[in-house]
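# Structure assessment
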Amino acid sequence: MTDSHAPRTALYPGSFDPVTLGHEDIARRTLKVADRVIVAVAHSSSQSREAAFPVEDRLDMLREVFADEPRITCVSFEGLLVDYARREGAAFVVRGLRAVSDFEYEFQMAQMNREMCPDMEFIFLMPDAHLSFLSASLVREVARLGGSVDPFVSPPVLRRLTARFGRGPAAGNTGAPAAGGTAGDTG
Ligand code: ADP
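This write-up is about the structure you can find in this document. Since the model is a prediction, treat every value here as computed from it, not as a measurement.

How each quantity is defined
Residues numbered from 1 in each chain as written. Predicted model: local features only at pLDDT ≥ 70, side-chain atom pairs only at ≥ 80, totals over all residues. Helix = DSSP H or I, 4+ residues; strand = E, 2+ residues; numbered from the N terminus. Buried ≥ 20, exposed ≤ 12 C-beta atoms within 10 Å, placed from the backbone. Core = buried A, V, L, I, M, F, W, Y, C linked by C-beta atoms within 7 Å. Contact = placed C-beta atoms within 7 Å. Pairing = 2+ DSSP bridges. Right-handed = clockwise from strand over helix to strand, strands pointing away. Axes fitted to C-alpha atoms, helices over the stretch in contact; angles between N-to-C directions. Parallel < 35°, antiparallel > 145°, perpendicular 65-115°, else oblique. Nonpolar A, V, L, I, M, F, W, Y, C, P; charged D, E, K, R; others polar. Arc of directions from axis to C-beta.

## As for the overall build of the protein
Helix and strand counts for the protein come out as six helices and five strands. Helices (α) and strands (β) of the protein occur, in sequence order from the N terminus, as β-α-β-α-β-α-β-α-β-α-α. In the protein, which comprises 187 residues, the share counted as buried stands at 31%.

## Thoughts on the nonpolar core
Core analysis: the largest hydrophobic core is formed by 38 residues, its most contacted members being Leu11, Tyr12, Val37, Val39, Ala40, Leu62 and Val139. Setting aside residues no more than four positions away along its own chain, Val37 makes contact with Ala10, Tyr12, Ala27, Thr30, Leu31, Arg71 and Ile72.

## Points about the pairing of strand 4 (residues 92–96)
Examined bridge by bridge, strand 1 (residues 9–14) and strand 4 share two bridges and lie parallel to one another. The residue of strand 4 that forms the bridge with Leu11 is Val93. Taking the sense of rotation as the criterion, the β-α-β connection linking strand 4, helix 4 (residues 100–116) and strand 5 (residues 121–125) turns out right-handed.

## Side note on the sheet that holds strand 1
Backbone hydrogen bonds are what pair the strands of a sheet, in a parallel or an antiparallel way. Spatially, the five strands line up as an open sheet ordered 3-2-1-4-5, and their pairing is parallel. Strand pairing shows two members of the sheet lacking a second neighbour, strand 3 (72–77) and strand 5, which therefore form its edges. In this sheet, adjacent strand axes meet at a mean angle of 30° when their direction is disregarded. As defined by bridge partners, strand 1 adjoins strand 2 (residues 36–42) across six bridges and the pair is classed as parallel. Opposite Ala10, over in strand 2, you have Val37 as the bridge partner. Packed onto the sheet, helix 1 (residues 21–30) meets strand 1, strand 2, strand 3, strand 4 and strand 5 and runs at close to 165° relative to strand 1.

## Focus on the environment of Gly22
With respect to the helices and strands, the residue Gly22 is situated in helix 1. The spatial distance from the C-alpha of Gly22 to the C-alpha of Ser132 is 7.2 Å, given a sequence separation of 110 residues. Not counting chain neighbours up to four residues away, the residues in contact with Gly22 comprise Gly96, Pro127, Leu131 and Leu134.

## Description of unusual backbone geometry
Pro18 follows Asp17 through a cis peptide bond whose omega is 0°. Turning to its location among the elements, Pro18 is positioned in the loop between strand 1 and helix 1.

## Looking at the packing of helix 2 (residues 55–65) against helix 6 (residues 155–165)
Running from amino to carboxyl end, helix 2 crosses helix 6 at an angle of 150°, the nearest separation of the two axes being 8 Å. Between helix 2 and helix 6, the angle falls in the class roughly antiparallel. Side by side, helix 2 and helix 6 meet where Asp57, Met61, Glu64 and Val65 of the first sit next to Pro156, Val157 and Arg160 of the second. Split into classes, the residues belonging to the contact of helix 2 with helix 6 amount to four nonpolar, no polar and three charged.

## What to know about the environment of Leu134
Checked against the element boundaries, Leu134 lands in the loop between strand 5 and helix 5 (136–144). Note: C-alpha distance between Leu134 and Val153 (19 residues apart in sequence) is 9.9 Å. Those residues within four positions of Leu134 in sequence are excluded, and the remaining contacts are Thr20, Leu21, Gly22 and Phe152.

## Focus: helix 2
For helix 2, every residue scored as buried is listed here: Arg58, Met61, Leu62 and Val65. For helix 2, the angular spread of the buried residues around the axis is 100°, confining them to a single face.

## Quick notes on helix 1
When we look at burial in helix 1, the residues that qualify are Gly22, His23, Glu24, Ile26, Ala27 and Thr30. Buried residues belonging to helix 1 abut strand 1, strand 2, helix 2, strand 3, strand 4 and strand 5.

## Focus on the pairing of strand 1
Within strand 1, five of the six residues are buried, leaving the element largely enclosed by the surrounding structure. A crossover connection joins strand 1 to the parallel strand 2 through helix 1; in handedness this β-α-β unit is right-handed.

If you want it as structure tokens, here you go:
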């Protein structure tokens, strides 16, 4: 039997390259079902594809974005997610589900993690509908091509994206990426 007064910690892992309003929505929503959220940047995820920001910069952005919320801590971790979750005493791992397209990958990951750690729970939250199309890879792509990403990220992230990719040809630029430009990258 669990102690109903013990603080419940949720672990929200990802690559957060960079953190978008979609990630923020999920982390803040998690506070409805947990007392504390650890947003954890995975070192390994960045190795499989071209990262826009080093892990330290991603962490800096996360910390600025959640500076107003003492119940959210931002860290990075290496190794297996379930090992890290156990070490931190997380009651569950939270992931965001944007659309059916996320489901298969998330289901596979959760089942594999459950095999390794049967007592860990995985919880999936949906973002606000207007954020359900948003992905970090799309934000990176639009920023790279000089489009405006103001509606998709918080000011600290916008500053870093502007420093990294420069300011786009602002007026009249809708920020739509080139056709096919984001294929294969769902982050
Ligand atoms: P990954 O390396 O798994 O792609 P991300 O940093 O892209 O990691 O995302 C971390 C988690 O946040 C994943 O569960 C992903 O589905 C979720 N997520 C990303 N963008 C959104 C969004 N716009 N709305 C809801 N969840 C999201």
